[in-house]
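Residue-level structural notes
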Amino acid sequence: MLVGGAVVAGSANLLNLLDLRPGRALKVVLLVGPWLLGGTSTGPAAVALGSAGVLLPDDLRERSMLGDCGANAAGAVLGVAALGRLARPGRAAALAGLLALTMISERVSFTRVIESTPGLRELDRLGRRPAAPATGPATGAAPGPPTGPAPRSELP
């Protein structure tokens, strides 16, 4: 029971750690969820997959945001699904992996790893809105609004 609770909590925490860009956490659910289908985990895995499928388009377009509560809930549901799929040794291995990834996250930025790994970078950006170009004198873009007095032609 203790290992099971730790797997659920660790899954919730890990998905929350990954939820730093639009759609990232939901893509993880869509990648991991199908593996968890089967046995007693079909219900929770199906809930996670269905929810992720419904939420992903608006999350990618930045119309909504999963946030801490959503990422923790989605991760916890994945953890529950994992418990239904894994026997005792698998649960212990899952917990060890979750603990290792959590400890690594204290020293290594997952976002930096994702951005520096070509396949992960493309998957992470898939479906997201393009980043807004930087503005200002350093990029050659038009400067911001004028700071001096308005030209005479604009005075009332």
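As a starting point, this report considers the structure included with it.

What counts as what
- Every chain begins its residue count from 1, and numbering advances along the sequence as written.
- Where local features are concerned, this predicted model is filtered to residues with pLDDT of at least 70; where side-chain atom pairs are given and counted, the filter is 80 or more; whole-chain, interface and lining totals use all residues.
- Remark: hydrogens and water are excluded; side-chain values derive from all non-hydrogen atoms of the structure.
- Strands here are runs of E lasting at least two residues and helices are runs of H or I lasting at least four, both read from the DSSP assignment and numbered beginning at the N terminus.
- Only protein chains enter the area calculation, which uses a 1.4 Å probe; residues under 20% of their type maximum are buried, those over 50% are exposed, and those in between are partly exposed.
- When checking whether two residues touch, look at their non-hydrogen atoms; a contact exists if any pair is within 4.5 Å.
- Where accessible areas are quoted, they stem from the Shrake-Rupley method and a 1.4 Å probe; at the residue level, only the protein chains shown are allowed to cover.
- Here a polar contact means two N or O atoms within 3.5 Å. Within protein one must be a hydrogen donor candidate and the other an acceptor candidate, and residues neighboring in sequence count only if both atoms are side-chain atoms.
- Here, nonpolar core refers to any group of buried Ala, Val, Leu, Ile, Met, Phe, Trp, Tyr and Cys residues whose side-chain atoms link them within 4.5 Å.
- How far a helix is expected to stretch is found by multiplying one less than its residue total by 1.5 Å.
- Salt bridges are identified by distance alone: a Lys or Arg side-chain nitrogen within 4 Å of an Asp or Glu carboxyl oxygen.

1. What to know about the overall build of the protein
A tally of helices and strands in the protein yields seven helices and zero strands. Going from the N terminus to the C terminus, the protein shows its helices and strands as α-α-α-α-α-α-α. In the protein, which comprises 156 residues, the proportion classed as buried is 30%. When contacts within the protein are restricted to residue pairs at least 6 apart in sequence, those whose partners lie at least 24 apart make up 72%. Taken as a whole, the protein presents about 9900 Å² of accessible surface, with 66% of it coming from carbon and sulfur.

2. Thoughts on the side chain of Asp124
If you trace the backbone, Asp124 turns up in helix α7 (residues 118-125). A relative accessible area of 5% places Asp124 in the buried class. Among the polar contacts listed, one links the side chain of Asp124 to the side chain of Arg24, at a separation of 2.8 Å. When residues no more than four places from it in sequence are discounted, the contact partners of Asp124 are Arg21, Arg24, Lys27, Ile114 and Glu115.

3. A closer look at the nonpolar core
Leu15, Leu26, Val29, Leu36, Leu66 and Leu78 are the most contacted members of the largest nonpolar core, which has 17 residues in total. Those elements that provide at least two residues to this core are α2 (24-36), α3 (42-60) and α4 (67-85). Beyond its immediate sequence surroundings of up to four residues, Leu15 is in contact with Ala25, Val28, Val29, Ala71, Ala74 and Gly75. Formed by eight residues, the second largest nonpolar core is a distinct cluster that contains Val7, Leu83, Leu95 and Phe110.

4. With respect to the environment of Gly43
Residue placement: Gly43 occurs in helix α3. Each C-alpha atom, one on Gly43 and one on Gly84, is 9.5 Å from the other, the two residues being 41 residues apart in sequence.

5. Overview of the environment of Val3
Mapped onto the fold, Val3 is located in helix α1 (residues 2-18). Residues Val3 and Arg91 lie 88 residues apart in sequence; the distance between their C-alpha atoms is 7.0 Å. Here Val3 is in contact with Arg91, Ala92 and Leu95, once residues within four sequence places are set aside.

6. Overview of α1
In this model, α1 (17 residues) spans 24 Å end to end at C-alpha, consistent with the 24 Å of a helix rising 1.5 Å per residue. Regarding α1, the residues found buried are Gly4, Val7, Val8, Gly10, Ser11, Ala12, Leu14, Leu15 and Leu18.

7. Notes on the pattern of salt bridges
Summed over the entire model, instances satisfying the criterion amount to five salt bridges. Arg121 is the salt-bridge partner of Glu122, the closest N and O atoms lying 3.6 Å from each other. When its relative accessible area of 44% is taken as the criterion, Glu122 is described as partly exposed. Bridged by salt links that share partners, the residues Arg24, Asp124 and Arg128 form one connected network.

8. Focus on the environment of Asp68
If you trace the backbone, Asp68 turns up in helix α4. A relative accessible area of 53% places Asp68 in the exposed class.

9. Considering unusual backbone geometry
Backbone geometry at Glu62 places phi at a positive 60°, although glycine is not the residue there. With respect to the helices and strands, the residue Glu62 is situated in the loop between α3 and α4.

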